[in-house]
Amino acid sequence: MTRYIIKRLLSIIPIVLGISIIIFTLLSISPGNPATLMIGREATDEQVAVLEAQLGLDQPLLTQYVNYMTDLLRGDFGTSWQTRGPVIDEIAVRFPVTLKLSVFSTLIVIFFGVTVGIISAVKQYTKLDYVVTTSSLVIASMPDFWIGLMLMLLFALKLRWVPPYGASDWTGYILPVIVLSLGIMAMVIRVTRGTMLEVIRQDYIRTARAKGADEKRVIFKHALKNALIPIITVIGNDFGSILAGAIVVETVFSLPGMGTLIVNAVKIKNIPTAMTATLFLAILYSLVVLILDIIYAYIDPRIKAEFSRRKAR
Amino acid sequence: MEKEILLTIKNLTVKYKTDDGIAEAVNNISFQLHKGETLGLVGETGAGKTTTGLSILRLLPERTAEITEGEIIFKGENLLDIPKNEMSVIRGKQISMIFQDPMTSLNPVYTVGSQIEESIFLHNRDLTNPQIKEKADEMLELVGITPERRDDYPHQFSGGMKQRVVIAMALACDPELVIADEPTTALDVTIQAQVLRMMDELKRKYGTSMIMITHDFGVVAKTCDTVAVVYAGEIIEYGTVQDIFEDDKHHPYTTGLFHSLPNMNQDTERLQPIEGLMPDPMALPAGCKFHTRCPHCFDKCKTVLPQDIDFNGHMIKCHLYSKEV
Ligand SMILES: Nc1ncnc2c1ncn2[C@@H]1O[C@H](COP(=O)(O)OP(=O)(O)OP(=O)(O)O)[C@@H](O)[C@H]1O
Ligand SMILES: [Mg+2]
C-alpha cells in the first residue's frame, strides 16, 4: 500500500509539468503585453522596456519558463506582477474562500445526492421516484451560471434574503454553494439510483434476505457498501467539476476566491499568479483523487488485494 | 403412525411478467413434506424448480414475478398471507435456502466469517460477539473449511468452498426446512459426497426437512424420501424413492430421463436423450405439456390436460394410465 501511495505521489510530477507547460504556453502566446497592460494605456515605450526587464519578459520564453520552474522547485512560488507581493500570500488569502465553497458543496452533494439516490432506487417507479429522476435530469442539464443568475435575481435582488455578491459573512456563501452543488448533486443522485438498482438485483442481496435480514439492513449494510464504489468514483470526478465550477460561481457572485484570482491574473497576463494558483489547484485535485483511490481499497477487498503485495495463501 | 406434516403446497402457480410476454414458470404444483423427510424436485433446466423454492421463502423478484394462485402452508400457517416484513423472522431461522449459484451468492465486500456470523446474529440477538464467532467457526469446520480462513473474502475462495460457505450460512440456525437448490453442482465428486453426507447427518441429528432441487438422480437416490418430477412447471410424477426407482409404471418423461442417464441400467445399451426441447414457458402447448416430445402421444394428449392418476400414493399425470383406473 505504501509503495502504491509513493508511486501515485510521484506520478503527480509529470502531471504538474504537463499542466505548467500548457498554461505557460497559452498565457505567453495570448495577445497583449503584460507590461503595457499593467502600466495602462498611457505607458511610454521606455517605461514598458524598464518593466519588461524587471519582470524578465525580455528573456526568451524558454528561459522564462525554466526560471519560473527552478524558482518553484526551490520553494519560491513567484511574485505577483500586480501586487508585487509573493503569490503564496495571495493564495493564502483566497484559498480559504474556495475551500469553504468546495467543501460545503461536496458535503451537500454527498449527503443529499446519495440519500435521495437511495430513496429513489428503493422506491423505484413510485411518484417520488419520477419526481426525483425528472427534476435531477432537468437540473443536470441547466448550466451553472444560468442557475446562479436566476437564484441571484430571485433571492438576492427580489427577496433580498441574501447578499447578491461578496463573502462578508456566511450568508454570502448560501447561493454560491447551492449553485455549485445542484448540478453535480443531480448527477450523483442519478448515479446512486442507477447503481443501487443494479446492486439490489444481485444474488447476494437475495442471500441477505434469505438469511432473515430486514429491508433496512439489506439496503444499508449489503447493498450500499457495494454501490459506494461507483458512487465514490463519480464524486471524485465531480470534485474536479466542483473546483472548475467554483471559478464560474466565484465570478458570478464576485467571491474573492482562487477562481477570481486566476481569472483576474489571466486578464492582465499576471503569469506567476496564474501559473502558481492553477498548479496549486491541480496538485490539490490529484491528491483528492489519490485519497479516493485509497478509500476504494478499504471498501473493496478485491482492489485492496491488488494493492497489497501480500502473498495469496 | 401418522407422520407430522411440515409443509403443504397447494395449487402453486407462478408467472413472470417480462417484456416478451408472460412466462408460466410454475403451474398448479401441489405437494406435501413431512417432518424429517427430504423431497427431491427433479427436472430439466427451466422446469421451474428454483421458482418453486423461491416462492416458499417469498424471495421471487418483486416486480416481475407473481404468485397468481395457491397456498404455502408451513406449520399450519399460510406463508403467502403473512406481512412481507414478518418473513424475515422465518427466513434463515425456520426455513433457509442454499442457492444454486455459489459464485454470486456471497457478498463480495464482507469476509466469509462475518457473513456466517450475520446469519447467526440475526436470529440469536442474545448471544455475545465471542459466542457468535465461536458458533461461526463451528459452522466453518462443519463444512470442512478451517476457521483460520474466516477473515478471507469470497474472491479468495474457490467455487466449491463458496458453496460450502453458503451451506454453512443456511444451516447456521438449525432451520426446520432447508431448500437446497442444486447444492452440489459446483462441487467435484469427492466433495459432493462429503457435502451430501454432511447434510444427511444434520438431517438425522436435528430432524431437518429438506427440499432437494437437483437434476441428478444419483443425488436423489442418496438423499430423498419422496420425489417430484417437474416438467414445464408441473409435477408430472410423484412418489417415494422406491416408486420412482423400482416401480415399472412411469410417466414417459421420467422414463426418458432415466434412459438419458449413463450407467443407470445395465440393459440400456446406449444413452437416449429425450428428443426435442422443453416448451417455452411463454407459449405452453395445450393438453399434456409433454406431448410434443412424447413417444406415446395420442390425440387426447394434445387437447386434454391429464389428471393425476394415483397408484397408492405414486401419482402419474398421464393419459396412458387413465384407462387402467
Ligand atoms: N426473473 C425471471 N424473469 C423471467 N423469467 C424467469 C425469471 N426467472 C426464471 N424465469 C423463467 O421461469 C422458468 C423457470 O425457471 P427456474 O429458474 O425456476 O428453472 P429451474 O428449474 O430452476 O432451472 P435450472 O435447473 O436451470 O436451475 C424458466 O423458463 C425461466 O426462463
Ligand atoms: Mg434453478
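Keep in mind the model is a prediction, meaning the values are calculated, not measured. The numbering scheme is per chain: residues are counted from 1 as the chain's sequence reads. Chains and ligands are labelled sequentially in the order written, the chains with letters from A and the ligands with numbers from 1. Reporting of local features is limited, given that this is a predicted model, to residues whose pLDDT is at least 70; pairs of side-chain atoms are given and counted only at 80 or more, and all residues count toward the totals for whole chains, interfaces and linings. The side-chain numbers reported here are obtained from all heavy atoms of the structure, hydrogens and water having been left aside.

### A short note on the confidence of the model for chain A
Detailed reading of the predicted coordinates is not advisable wherever pLDDT falls low.
Here is step 1 of the chain: Here chain A averages 86 in pLDDT, while 97% of its residues score no lower than 70.
Here is step 2 of the chain: Confidence, read as mean pLDDT per element, is least for helix H14 (residues 301-307) of chain A in chain A (73) and greatest for helix H10 (residues 203-211) of chain A (96). pLDDT is a residue-level measure of predictor confidence that goes from 0 to 100. Secondary structure elements are taken from DSSP: a helix is a run of H or I of four residues or more, a strand is a run of E of two residues or more, and numbering for both begins at the N terminus.

### Some thoughts on the coordination of the magnesium ion (ligand 2)
Residue and element names in this part refer to chain B.
Here is step 1 of the chain: The donor set comprises N, O and S atoms within 2.8 Å of the metal, extended to 3.2 Å for Na, K and Ca; water molecules are omitted, so apparent gaps in a site may simply reflect that omission. Around the magnesium ion (ligand 2), the protein contributes the donor atoms Thr50 (OG1) and Gln100 (OE1), which lie 1.8 to 2.4 Å from the metal centre. One end of the pair, Thr50, is in helix H1 (residues 49-57); the other, Gln100, is in the loop between strand E6 (95-98) and helix H3 (102-105), with 50 residues separating them in the sequence.
Here is step 2 of the chain: Residue burial is assigned from relative accessible area. The probe radius is 1.4 Å, only protein chains are included, and a residue is buried under 20% of its type maximum, exposed over 50%, and partly exposed in between. On the basis of relative accessibility, which here comes to 23%, the residue Thr50 falls in the partly exposed class.

### Observations concerning helix H6 (residues 159-171) of chain B
Here is step 1 of the chain: Under the 1.5 Å per step criterion, the end-to-end length of H6(B) is 18 Å for 13 residues, consistent within 8% with the ideal 18 Å.
Here is step 2 of the chain: Most of H6(B) is tucked away, with 13 of its 13 residues classed as buried. Helix span, expected: 1.5 Å multiplied by one less than the number of residues in the helix.

### Side note on the sheet that holds strand E1 (residues 5-18) of chain B
Residues and elements named next belong to chain B.
Here is step 1 of the chain: The strand order across the open sheet built from four strands is E2-E1-E4-E5, with neighbouring strands paired in antiparallel fashion. Either end of the sheet is taken by a strand with one partner, and the two such strands are strand E2 (21-34) and strand E5 (77-78).
Here is step 2 of the chain: Here, any two strands with at least 2 DSSP bridges between them count as paired. Pairing analysis gives two bridges linking strand E4 (residues 65-74) to E5, with the strands arranged antiparallel. If you follow Ile73 over to E5, its bridge partner there is Asn78.
Here is step 3 of the chain: With respect to the sheet, H1 is in contact with E1, E2 and E4, its orientation differing from that of E1 by roughly 115°. Whether two residues are in contact is decided by their heavy atoms: any pair within 4.5 Å suffices. Between the N-to-C directions of two axes lies an angle of 0 to 180 degrees, each axis being a line fitted to C-alpha atoms and, for a helix, fitted only over the stretch in contact.

### As for the site of ligand 1
All names here are of chain B.
Here is step 1 of the chain: Looking at ligand 1, there are 14 residues lining it, with Thr45, Lys49, Thr50, Thr51 and Gln100 nearest.
Here is step 2 of the chain: Here a polar contact is taken to be a pair of N or O atoms separated by no more than 3.5 Å, where protein atoms must pair a possible hydrogen donor with a possible acceptor and residues adjacent in sequence count only if both atoms sit in side chains. Here an oxygen atom of ligand 1 and a side-chain polar atom of Thr50 are 2.5 Å apart.
Here is step 3 of the chain: Gln100 is positioned with one of its side-chain polar atoms (N or O) 2.6 Å from an oxygen atom of ligand 1.
Here is step 4 of the chain: For every accessible area listed, the method is Shrake-Rupley and the probe measures 1.4 Å; residues are considered covered only by the protein chains on display. Burial of ligand 1 by the surrounding chains reaches 71%, relative to a free accessible area of 630 Å². Near is defined per residue: the residue qualifies when any heavy atom it owns lies within 4 Å of the molecule or strand.

### A word on the pairing of strand E11 (residues 308-311) of chain B
All names here are of chain B.
Here is step 1 of the chain: Side chains Ile309 and Phe311 project from E11 onto a buried face, and the interleaved Asp308 and Asp310 project onto a face without burial.
Here is step 2 of the chain: As paired strands, E11 and strand E12 (residues 314-317) are joined by four bridges and run antiparallel to one another. From the neighbouring strand, Phe311 faces E12, where its bridge partner is His314.
Here is step 3 of the chain: Linking E11 back to E12 in an antiparallel pair, the connection comprises two residues, with Asn312 at a positive phi of about 55°.

### Considerations on the nonpolar core
Here is step 1 of the chain: Membership of the largest hydrophobic core comes to 93 residues, with the highest contact counts inside it found for B:Leu7, B:Phe31 and B:Ile211.
Here is step 2 of the chain: Ranked by residues supplied to this core, first place goes to H6(B) with eight residues.
Here is step 3 of the chain: Residues in contact with B:Phe31, not counting those within four places in the same chain, are B:Leu7, B:Thr8, B:Ile9, B:Leu39, B:Leu41, B:Thr52, B:Ile211, B:Ile235 and B:Tyr238.
Here is step 4 of the chain: What we call a nonpolar core is a set of buried Ala, Val, Leu, Ile, Met, Phe, Trp, Tyr and Cys residues that are connected through their side-chain atoms within 4.5 Å. Counting residues in each nonpolar core, the second largest holds 43 residues, with A:Ile205, A:Ala213, A:Ala223 and A:Ala246 among its members.

### Quick look at the confidence of the model for chain B
Here is step 1 of the chain: In this model, chain B carries a mean pLDDT of 90, and residues with pLDDT of at least 70 account for 95%.
Here is step 2 of the chain: At the level of chain-chain contacts, confidence expressed as ipTM amounts to 0.90, with global pTM at 0.83.

### Some remarks on a nonpolar patch on the surface
All names here are of chain A.
Here is step 1 of the chain: Nonpolar side chains collect at one region of the surface, where Phe145, Trp146, Leu149, Met150, Leu153, Leu157 and Val248 lie side by side and expose about 620 Å² of accessible area between them.
Here is step 2 of the chain: The element that contributes the greatest number of residues to the nonpolar patch is helix H8 (residues 144-158), accounting for six residues.
Here is step 3 of the chain: Counting through the fold element by element, Leu153 comes out in helix H8.
Here is step 4 of the chain: By relative accessible area, Leu153 is classed as partly exposed at 46%. Candidates for patches are residues over 30% relative accessible area with no salt bridge; among them, like charges are joined within 9 Å and nonpolar side chains (Val, Leu, Ile, Met, Phe, Trp, Tyr) within 5 Å. Salt bridge criterion: a side-chain nitrogen from Lys or Arg within 4 Å of a carboxyl oxygen from Asp or Glu.

### Notes on the packing of aromatic side chains
Here is step 1 of the chain: The criterion for an aromatic pair is that two Phe, Tyr or Trp rings (for Trp, the six-membered ring) have centres within 6.5 Å, with stacked assigned to planes under 30 degrees apart, edge-to-face to planes over 60 apart and tilted to the rest. This model, assessed by the stated rule, comprises 11 aromatic pairs over all chains.
Here is step 2 of the chain: For the pair A:Phe111 and A:Phe112, a centre-to-centre distance of 5.1 Å together with 85° between the ring planes defines the contact as edge-to-face.
Here is step 3 of the chain: A ring pair is formed by B:Phe217 and B:Phe245, whose centres lie 5.9 Å apart and whose planes are at 90°; its orientation type is edge-to-face. Note that B:Phe217 is positioned in helix H8 (residues 217-223) and B:Phe245 in helix H9 (residues 241-246), a separation of 28 residues in sequence.
Here is step 4 of the chain: The class for B:Phe217 is buried, based on a relative accessible area of 2%.
Here is step 5 of the chain: Each residue in the set B:Phe217, B:Phe245 and B:Phe258 is aromatic and connected to the rest through ring pairs, giving one cluster.
Here is step 6 of the chain: By the criterion adopted, a ring carries a charge over it if an Arg CZ or a Lys NZ lies within 6 Å of its centre and within 35 degrees of its normal. Seen from the ring of B:Tyr110, A:Lys221 lies directly overhead, with NZ or CZ sitting 4.4 Å from the centre.

### Details of empty space enclosed by the protein
Here is step 1 of the chain: Here a cavity means grid points, on a 1 Å grid over the protein atoms only, where a 1.4 Å probe fits yet cannot get out; a pocket means an open set of points with protein on both sides within 12 Å along at least five of seven lines; lining residues are those with an atom within 4 Å of a point. Grid points are joined across faces, edges and corners, and a volume is the space filled by probe spheres set on the points. One pass over the full model with this rule turns up four cavities of 30 Å³ or more.
Here is step 2 of the chain: By volume, the largest cavity amounts to about 90 Å³.
Here is step 3 of the chain: The wall of the largest cavity is formed by A:Thr207, A:Ala210, A:Lys211, B:Gly92, B:Ser96, B:Met97, B:Phe99, B:Ser119, B:Val166, B:Met169 and B:Ala170.
Here is step 4 of the chain: Mapped by element, the contributors of at least two residues to the lining of the largest cavity are H10 of chain A together with E6 and H6 of chain B.
Here is step 5 of the chain: Split by residue class, the lining of the largest cavity holds six nonpolar, four polar and one charged.
Here is step 6 of the chain: By volume, the second largest cavity is sized at about 70 Å³.
Here is step 7 of the chain: Surrounding the second largest cavity, 13 residues form its lining, B:Pro252, B:Cys288, B:Cys294, B:Cys301 and B:Cys318 being those nearest its centre.
Here is step 8 of the chain: Three classes are used, and their members are as follows: Ala, Val, Leu, Ile, Met, Phe, Trp, Tyr, Cys and Pro are nonpolar, Asp, Glu, Lys and Arg are charged, and the others, Gly among them, are polar. For the lining of the second largest cavity, the class distribution of residues is nine nonpolar, four polar and no charged.

### Quick word on the pairing of strand E10 (residues 234-240) of chain B
Residue and element names in this part refer to chain B.
Here is step 1 of the chain: Counting buried residues along E10, six of its seven residues qualify, which places the element largely inside the surrounding structure.
Here is step 2 of the chain: Direction of pairing for strand E9 (residues 226-231) relative to E10: antiparallel, over a ladder of six bridges. Across the sheet, residue Val230 finds its bridge partner in E10, namely Ile235.
Here is step 3 of the chain: Here E9 hands over to E10 after two residues, with Ala232 in that stretch at a positive phi of 50°.

### Quick word on the interface of chain B and chain A
Here is step 1 of the chain: Every contact between the two is made by 28 residues of chain B and, on the other side, 23 residues of chain A.
Here is step 2 of the chain: Here the quantity called buried area is the accessible surface, traced with a 1.4 Å probe, that two parts lose on coming together, added over both. Counting the surface lost from both chain B and chain A, the interface buries some 2,500 Å², and carbon and sulfur atoms represent 53% of this.
Here is step 3 of the chain: On the chain B side of the contact with chain A, B:Val109, B:Tyr110 and B:Glu118 bury the most area, a combined 23% of that side's loss.
Here is step 4 of the chain: Scanning the region where chain B abuts chain A turns up two salt bridges.
Here is step 5 of the chain: Salt-bridge contacts for A:Lys211 lead to B:Glu118; the nearest nitrogen and oxygen are separated by 2.8 Å.
Here is step 6 of the chain: Where chain B meets chain A, there are 13 residue pairs in polar contact (both at pLDDT 80 or more).
Here is step 7 of the chain: For the side of chain B that touches chain A, the elements supplying multiple residues, two or more each, are H1, H3 and helix H4 (112-123) of chain B.
Here is step 8 of the chain: Ranked by residues supplied to the side of chain B that touches chain A, first place goes to H4(B) with six residues.

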